[in-house]
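Residue-level listing of the chains:
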Amino acid sequence: MKIVLLCSLVAATAAWPYFGGFQRDEPDGVPTAQKQHDINFLLHKLYEPLHEANLKALEDSFDPLAHTANMPDGGVAVNKLMQEVKTQHLEERHHWFSVFNATQREEALLLVKVLLQCQDWPTAIGNAVYFRKMMNEETYVYALYTAIKHSPLTKHVVLPPLYEIMPHFFTSSEVIQQAYRAKLIEKPGRFNMNFTGTQNNPEHKIAYFGEDIGLSTHYINWHIEYPFWWNETFGYQIERRGENYFWVHHQLVNRFEAERISNHLQKIEKLHWERNLHEGFDPHTSYKNGNPFPFRHDDIHIEDVDKVAEVRDMIVMENRIRDAIAHGYVIDKEGNKVDINNEHGIDILGDIIESCVYNPYNEYYGSLHNMGHMMLGHQGDPHAKYYDTPSVLEHYETALRDPAFYKLHKYIDDLFRKHKDHLKPYSQEDLLFPGVAVNMIDIDGPLETYFEDYEYSLMNAMDDKEEMIWEDNMEISAIIPRLRHKDFSFKVNIMNNNDENKLSTIRIFAWPHRDVNGVIMPFNEGRWHAIELDKFQKELIPGENTITRKSSESSVTVPDVPSLKSLHEQTEAAIAGSSELNLDEFVSATGLPNRLLIPKGNEAGVEFKLVVAVTDGVADSVNDEINLTTKFHHYGHHGVYLDKKPHGYPLDRRVPDERLFHEIPNFGETIVKVSNHDEHVYHH
Ligand SMILES: [Cu+2]
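All of these numbers come straight from a predicted model, not from anything done at the bench.

## Overview of the overall build of the protein
Part 1: Summing up its helical and strand segments, the protein has 23 helices and 14 strands in all.
Part 2: Computed over the C-alpha atoms, the radius of gyration of the protein is 26 Å, within 12% of the 26 Å expected from 2.2 N^0.38 for a compact globule of 684 residues.
Part 3: Taking all 684 residues of the protein together, 62% fall into the buried category.
Part 4: When contacts within the protein are restricted to residue pairs at least 6 apart in sequence, long-range pairs at least 24 apart make up 80% of them.
Part 5: One way to put it: in the protein the 66 positive side-chain charges average out to a point 2 Å from where the 104 negative ones average out.

As structure tokens, this is what we get:
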């Protein structure tokens, strides 16, 4: 046993002889470039054996049970997972995986635990290569991505775009077929991909939003940063998880509404368990093993789903939540009342609805959201007569494509609204920033969106001979139009009448000024439909302050993740040149892609009400240290927030008299117009 341990450690350390000098703040001293290199190759050709010699050698020599000495849990998790390997209990390879499936999830979480127990790279990568060979590929990817996101060892590692690792989830079966053909006849190819469905379906007009692969990346990243199954045994507590769940979905729903208005579509009709589900969906995509994603007809009566739930279970869950909101408290397992009529209530409610492990009484409140995904996902085939595969709604990669997703989330959003409307409205005193006034708000540059062609690689959709090296892969890719906006800046003129500097928090929101029928949205309706555009802090000097904030600086967005090819090339170049890799701006990826900052608009221009709220930065800050930070971490990071105000503040509570808002000098508003002159590009 001793000898095995020594050998594998030698083999493991021999894998990174490249660096001498400069190193970043990696807790174990192993260069970021080496880690990124290893991760790239773990994910490259996911469904095949490893294509990298050092990792392959490690795979043959590494024994997980021989590397438990430094693990805080003493190897409990590794032993459990190895037991599953030995008794052949693991999900088979080439089978589907869904995080909503409890058995499959448990298996994935065991691997997350094992990887988070690793204190150094040799142990982490050893376990990662070992279990890559043993586990179902998609279970493995979910666990690996989550572990990379949360482990201190990989805090500088960029998660490669999932649409290039598992292209099947994002690419139509038709294009995948063309790619296979290109591969067979050995002819490189770039294939145009259309959005799902045809123009006979009005919902097709906004497929560009739900099927945006960058939007899905945002959604996946958010879910692995804030998993509903997370608890302290994984390493730390995530603060405001439930509130964050509310906020990210609230923003998606509001964005979807604004996209609908841009395309002259009526507002989302929220889900009702006892009414028909109007919109059907055909995903036009297949799993890697060839099974198609299930199809759902229009206008189906919502049925009980075998092995998931009955419709009345859903209604009971909903009613218990409605009762809690009406009472202003929830009940925990011991029967105690937990007050939710306060700032923290939204967090508890979010945990109850999703439902998260922090849910105070799981057995009673159930899991409305997760069950909702499964119930709606199976409506095309509620008794599993034709499919045994989960639907698009049961994968974060694909859920945003199905119109039923927005119906479900509109319904959930409405419950959150009921709760928020129960809270005491903010008073003038709460909102006032004495001596500070917003004089002028303006936009510098055009508020205009357009479609660009985006190309992504399908290399990993197809299998290869084992000896094939990365660079020898033919270029086979998909091309899809995606929304982007032209660069612009917010210009805000703020007067500080105090005779000292004042730290301020500046929050920028917009909502559609009119609904699709042209009716002006009342303030109280508009504020609930507000899209968060930016949030940052600024030191105001006495007198006049002219603040220019570029759209590219928005703290609610992130840049698009580089392609796998670019990640690979940059990593290999860093290793070859013994230089360090710095891709930190792409690490989080939790925010919305910056190119999606504003809704599409249309040819005539869509009016938006733009609201700027300037409040006391010192009062808003969680602690003094961050006062000088210019960039707010929008969704927080590993459960740490810089802003202690609720998400959506100050528009999150009802406004009994909108004059209050107009009279507060530190708030400003104006009307702007968003246009798009590309209808022809989209409907080609
Ligand atoms: Cu959902």
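## Focus on the nonpolar core
Part 1: Core analysis: the biggest nonpolar cluster contains 148 residues, and Leu 42, Phe 131, Trp 229, Trp 273, Ile 321, Leu 376 and Tyr 456 have the highest contact counts within it.
Part 2: Not counting chain neighbours up to four residues away, the residues in contact with Trp 229 comprise Val 99, Arg 105, Leu 109, Val 112, Tyr 142, Thr 146, Phe 234 and Val 357.

## Comments concerning the side chain of His 250
Part 1: By the secondary structure assignment, His 250 is in helix H12 (residues 241-262).
Part 2: Among the residues examined, His 250 registers a relative accessible area of 3% and is labelled buried.
Part 3: A polar contact is formed between the side chain of His 250 and the side chain of Asp 413, at a distance of 2.8 Å.
Part 4: Excluding anything up to four places from it in sequence, His 250 contacts Asp 413 and Trp 528.

## So, the side chain of Lys 609
Part 1: Note on placement: Lys 609 falls in strand S13 (residues 606-616).
Part 2: A polar contact is formed between the side chain of Lys 609 and the side chain of Glu 669, at a distance of 3.3 Å.
Part 3: Apart from residues lying up to four places away in sequence, Lys 609 is in contact with Phe 509, Ala 510, Trp 511, His 513, Glu 669, Thr 670 and Ile 671.

## Observations regarding the UniProt feature "domain: Tyrosinase copper-binding" (unreviewed entry) in the protein
Part 1: The UniProt entry lists residues 402-413 under the feature "domain: Tyrosinase copper-binding" (unreviewed entry), expressed in the numbering used here.
Part 2: Along residues 402-413 one finds 92% helix and 0% strand; the C-alpha atoms at either end are 17 Å apart.

## Re the sheet that holds strand S6 (residues 476-485)
Part 1: With mixed pairing, the seven strands of this open sheet are ordered in space as S1-S6-S5-S14-S13-S8-S9. Because the sheet does not close on itself, it has two edges, and the strands there are strand S1 (189-192) and strand S9 (531-540). Between one strand axis and the next, the sheet turns by 35° as a mean value, whatever way the strands run.
Part 2: Relative to S6, strand S5 (residues 448-457) is paired through nine bridges, and the arrangement is antiparallel. If you follow Glu 452 over to S6, its bridge partner there is Arg 482.
Part 3: Those strands touched by helix H9 (residues 173-184) are S1 and S6, and its axis lies near 165° from that of S1.

## Focus: the pattern of salt bridges
Part 1: Considering all chains together, one arrives at 41 salt bridges under this definition.
Part 2: Ionic pairing is found between Asp 643 and Lys 535, a salt bridge with its closest N-O pair at 2.9 Å. Note that Asp 643 is positioned in the loop between helix H21 (617-620) and helix H22 (659-663) and Lys 535 in strand S9, a separation of 108 residues in sequence. With respect to burial, Asp 643 and Lys 535 carry one shared label: buried.
Part 3: Overlapping salt bridges, with partners in common, bring together Asp 212, Glu 452, Arg 482, Arg 484, Asp 560 and Arg 595 in one network.

## So, the packing of aromatic side chains
Part 1: The final tally for this structure, using the stated rule, is 34 aromatic pairs.
Part 2: Residues Phe 100 and Tyr 396 carry aromatic rings whose centres are separated by 5.8 Å and whose planes lie at 70° to one another, so their mutual orientation is edge-to-face. A residue pair is termed long-range when its members are at least 10 positions apart, and Phe 100 in the loop between helix H4 (76-86) and helix H5 (102-117) and Tyr 396 in the loop between helix H16 (368-377) and helix H17 (403-422) qualify at 296 residues. In terms of burial, Phe 100 and Tyr 396 fall into one category: buried.

## A few points about the sheet that holds strand S7 (residues 489-496)
Part 1: Spatially, the three strands line up as an open sheet ordered S4-S7-S10, and their pairing is antiparallel. Sheet topology places strand S4 (436-444) and strand S10 (543-550) at the edges, where each strand pairs with a single neighbour. For this sheet, the mean angle separating the axes of adjacent strands, direction not counted, is 20°.
Part 2: Alignment of S7 against S10, held across eight bridges, turns out to be antiparallel. Within S10, the position partnered with Lys 491 by the bridge is Thr 548.

## Digging into the environment of Asp 652
Part 1: With respect to the helices, strands and loops of the structure, Asp 652 is situated in the loop between H21 and H22.
Part 2: Separated by 232 residues in sequence, Asp 652 and Lys 420 place their C-alpha atoms 7.0 Å apart.
Part 3: In this structure, Asp 652 is in contact with Lys 420, Tyr 426, Arg 527, Trp 528, Pro 646 and His 647, ignoring residues within four places of it in sequence.
Part 4: Here the side chain of Asp 652 touches Lys 420 through a polar contact of 2.9 Å, side chain to side chain.

## Remarks on the environment of Met 440
Part 1: Looking at where Met 440 falls in the secondary structure, it is placed in strand S4.
Part 2: Judged by its relative accessible area of 35%, Met 440 falls in the partly exposed class.
Part 3: Linking Met 440 and Ile 494, residues 54 residues apart in sequence, is a C-alpha distance of 7.3 Å.
Part 4: Look past the residues within four positions of Met 440 in its chain and what remains in contact with it is Lys 491, Val 492 and Asn 493.

## Focus: helix H2 (residues 32-43)
Since the α-helix advances by 3.6 residues per turn, residues separated by three or four positions end up pointing in the same direction.
Part 1: Counted at 1.5 Å a residue, the expected span for H2 with its twelve residues is 16 Å, and the 17 Å between its end C-alpha atoms agrees.
Part 2: Within H2, twelve of the twelve residues are buried, leaving the element largely enclosed by the surrounding structure.
Part 3: The set of residues buried in H2 consists of Thr 32, Ala 33, Gln 34, Lys 35, Gln 36, His 37, Asp 38, Ile 39, Asn 40, Phe 41, Leu 42 and Leu 43.
Part 4: Where the residues of H2 are buried, they touch helix H3 (53-61), helix H6 (121-134), helix H7 (137-150), helix H8 (162-165) and helix H20 (564-576).
Part 5: One or two residues past the end of H2 sits Lys 45, with phi positive at roughly 50°.

Rules used throughout
Residues numbered from 1 in each chain as written. Predicted model: local features only at pLDDT ≥ 70, side-chain atom pairs only at ≥ 80, totals over all residues. Heavy atoms only, no water. Helix = DSSP H or I, 4+ residues; strand = E, 2+ residues; numbered from the N terminus. Rg over C-alpha atoms; globule rule 2.2 N^0.38 Å. Buried < 20%, exposed > 50% of the residue type's maximum accessible area, 1.4 Å probe, protein only. Contact = heavy atoms within 4.5 Å. Lys, Arg positive; Asp, Glu negative; His and termini not counted. Charge placed at Lys NZ, Arg CZ, Asp CG, Glu CD. Core = buried A, V, L, I, M, F, W, Y, C linked by side-chain atoms within 4.5 Å. Polar contact = N/O pair within 3.5 Å; in protein donor to acceptor, adjacent residues only side chain to side chain. UniProt positions renumbered as here; feature names shortened; annotations may be inferred. Pairing = 2+ DSSP bridges. Axes fitted to C-alpha atoms, helices over the stretch in contact; angles between N-to-C directions. Salt bridge = Lys/Arg side-chain N within 4 Å of Asp/Glu carboxyl O. Phe/Tyr/Trp six-rings, centres within 6.5 Å; stacked < 30°, edge-to-face > 60°. Expected span 1.5 Å × (residues − 1).

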